[in-house]
Amino acid sequence: MLVSLTVFWIYDCFLTWNQEVSLIHRRPWKKASFLYFMARYLPAFLLCIYLYMGHLQSEKFVTCKFLHSIWYCAASFCVACAEGVFILRTYALWGSKKSILGLIFLTILCLSIFDVIMTMKISSGLELRLSDRDGGCYSLSYDKMAALSWILLVVFELEIITLTMIRVYWVYRERECLLLDILVQHNFFYFGTGLTLTLVNIIAIECLPYSYADMFGTFQIVMHTIIVIRMHLRLCGANHIDLPRVGTTSHPQLTNV
């Protein structure tokens, strides 16, 4: 599965390369461009670390626990960059209102503090060993509480979806057009797909052994970044988003943050 995921990620890079060059690299870089770049290429490092953990033969130079810590940091950074793109899009969708940005960052702060506390507690009890038979890292014990980190991500994504839906509803009332068209314009289904992947990952953690659950975590992160990449390229490549009334958001506001 991991090899297939790696091949799929490389294939997606090739598919979107022309769009990336014309829409990202040839334009002035903004905050979203930096987040895009990290979300696009950091999964390569994440996949390399996970592959190395699965084929480690000796702990002479690095240990399984150290590699797991590196994997966790890379995974956290991937998710942060991907969610950062979602945040900027939602912020622009609301007309760059500071109150919306403040609400989002307050939620991030509260959830991050809780996540750090839970992660430290879980990491202290995690036992990773090197397999004597075929090599590779495995766990002697696995705390199901690890699903809490993904639950917190679900909570945050639900907030983003809610803010998007409220804004979409207001635009629908102003423009009196089909709600489905607005949902597609604002990439609501991208949000929904990311949320579904996170829920599947939580179920995998609760029901599967450590090695499989960790693999699903890697799968979820890589797919989540691909979803964000597709969303960002689609927005940047759109000719226009016609929202002419006062209080609505123009296409340049969505693409030039």
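Reading the values: the criteria
Residues numbered from 1 in each chain as written. Predicted model: local features only at pLDDT ≥ 70, side-chain atom pairs only at ≥ 80, totals over all residues. Heavy atoms only, no water. Axes fitted to C-alpha atoms, helices over the stretch in contact; angles between N-to-C directions. Helix = DSSP H or I, 4+ residues; strand = E, 2+ residues; numbered from the N terminus. Parallel < 35°, antiparallel > 145°, perpendicular 65-115°, else oblique. Left-handed = near helix turned anticlockwise from the far one by under 90°. Contact = heavy atoms within 4.5 Å. Core = buried A, V, L, I, M, F, W, Y, C linked by side-chain atoms within 4.5 Å. Buried < 20%, exposed > 50% of the residue type's maximum accessible area, 1.4 Å probe, protein only. 1 Å grid on protein atoms, 1.4 Å probe; cavity = no way out; pocket = protein on both sides within 12 Å on 5 of 7 lines; lining within 4 Å. Points joined across faces, edges and corners; volume = space filled by probe spheres on them. Nonpolar A, V, L, I, M, F, W, Y, C, P; charged D, E, K, R; others polar. pLDDT = per-residue confidence, 0-100. Patch = residues over 30% accessible without salt bridge, like charges linked within 9 Å, V, L, I, M, F, W, Y side chains within 5 Å. Areas by Shrake-Rupley, 256 points an atom, 1.4 Å probe, with all protein chains shown as cover. Salt bridge = Lys/Arg side-chain N within 4 Å of Asp/Glu carboxyl O. Phe/Tyr/Trp six-rings, centres within 6.5 Å; stacked < 30°, edge-to-face > 60°. Lys NZ or Arg CZ within 6 Å of the ring centre and 35° of its normal. Expected span 1.5 Å × (residues − 1). Bend = angle between axes of the 7 residues up to and from the residue.

It is at 12 Å that the axes of helix 3 (residues 64-93) and helix 4 (residues 98-124) come closest, and there the two elements cross at 165 degrees. Considering their axes alone, helix 3 and helix 4 lie roughly antiparallel with respect to each other. Considering only the axes of helix 3 and helix 4, their crossing is right-handed. When helix 3 is examined against helix 4, the residues Lys65, Tyr72, Ile87, Thr90 and Tyr91 are found in contact with a partner set consisting of Lys98, Leu101, Ile104, Ile108, Asp115, Thr119, Ser123 and Ser124.

Here is a general trend for soluble globular proteins: nonpolar side chains tend to be buried in one another's company. If you look at the biggest cluster of nonpolar residues, it comprises 70 residues, and the most contacted ones within it are Leu46, Leu56, Trp71, Ile104, Ile221 and Val222. Those elements giving two or more residues to this core turn out to be helix 1 (2-25), helix 2 (31-54), helix 3, helix 4, strand 1 (127-130), helix 5 (147-175), helix 7 (188-207) and helix 8 (210-237). For Trp71, the contacting residues outside a window of four places in its chain are Leu46, Ile49, Tyr50, Met53, Asp214 and Thr218.

On to empty space enclosed by the protein. Tallying each qualifying case throughout the model produces 2 cavities of 30 Å³ or more. Looking at the second largest cavity, its volume works out to about 40 Å³. Considering the residues around the second largest cavity, the lining is formed by Glu83, Phe86, Glu157, Ile160 and Phe191. Mapped by element, the contributors of at least two residues to the lining of the second largest cavity are helix 3 and helix 5. Looking at the lining of the second largest cavity residue by residue, the classes come out as 3 nonpolar, no polar and 2 charged.

Another point: the confidence of the model for the chain. With 81% of its residues at a pLDDT of 70 or more, the chain has an overall mean of 78. Confidence over residues 239-257 falls short of pLDDT 50; this stretch has 46 contacts with residues more than four positions distant or in other chains.

On the surface, Leu106, Leu109, Ile113 and Ile117 cluster together into a nonpolar patch covering about 390 Å² of accessible area. In this fold, Leu109 is placed in helix 4.

Attention now goes to the pattern of salt bridges. Under the defined criterion, the tally for this structure stands at 2 salt bridges. Where Asp12 meets Arg40, a salt bridge forms, and the shortest distance between an N and an O atom there is 2.9 Å. In this pair, Asp12 is assigned in helix 1 and Arg40 in helix 2, connecting sequence segments 28 residues apart. With a relative accessible area of 3%, Asp12 lands in the buried category. For Arg230, the salt bridge is made with Asp12, and the minimal N-O distance between the two is 2.7 Å.

Here the focus is the side chain of Glu83. Counting through the fold element by element, Glu83 comes out in helix 3. In this structure Glu83 touches Leu153, Phe156, Glu157 and His224, once residues within four positions along its chain are discounted.

So, on to the environment of Leu35. You can see Leu35 is positioned in helix 2. For the pair Leu35 and Glu83, spaced 48 residues apart in sequence, the C-alpha to C-alpha distance is 9.1 Å. Once you skip the residues sitting within four places of it in the chain, Leu35 turns out to touch Cys81, Gly84, Val85 and Leu88.

Here we come to the packing of aromatic side chains. One pass over the structure, following the stated rule, counts 1 aromatic pair. Relative to Tyr41, the ring of Phe37 lies with its centre 5.1 Å away and its plane at 55 degrees, an arrangement referred to as tilted. Here Tyr41 and Phe37 lie together in helix 2, a separation of 4 residues that amounts to about one turn. Under the relative-accessibility criterion, Phe37 is labelled partly exposed at 34%. For the cation-ring pair, Arg167 lies above Trp94, with the distance from its terminal atom to the ring centre recorded as 5.7 Å.

Right, let's talk about helix 1 for a bit. Along an α-helix, a turn takes 3.6 residues, which lines up residues three or four apart on a common side. Spanning 24 residues, helix 1 covers only 29 Å between terminal C-alpha atoms, well under the ideal 34 Å at 1.5 Å per step. Within helix 1, the axis deviates most sharply at Thr16, by approximately 50 degrees. Here helix 1 has its buried residues at Leu2, Leu5, Thr6, Trp9, Asp12, Cys13, Thr16, Glu20, Val21, Leu23 and Ile24.

Here we come to helix 2. With 24 residues, helix 2 extends 35 Å between its outermost C-alpha atoms, agreeing within 8% with the 34 Å of an ideal straight helix rising 1.5 Å per residue. The principal kink in helix 2, of about 30 degrees, is found at Tyr41, preceding the proline Pro43 by one to four residues.

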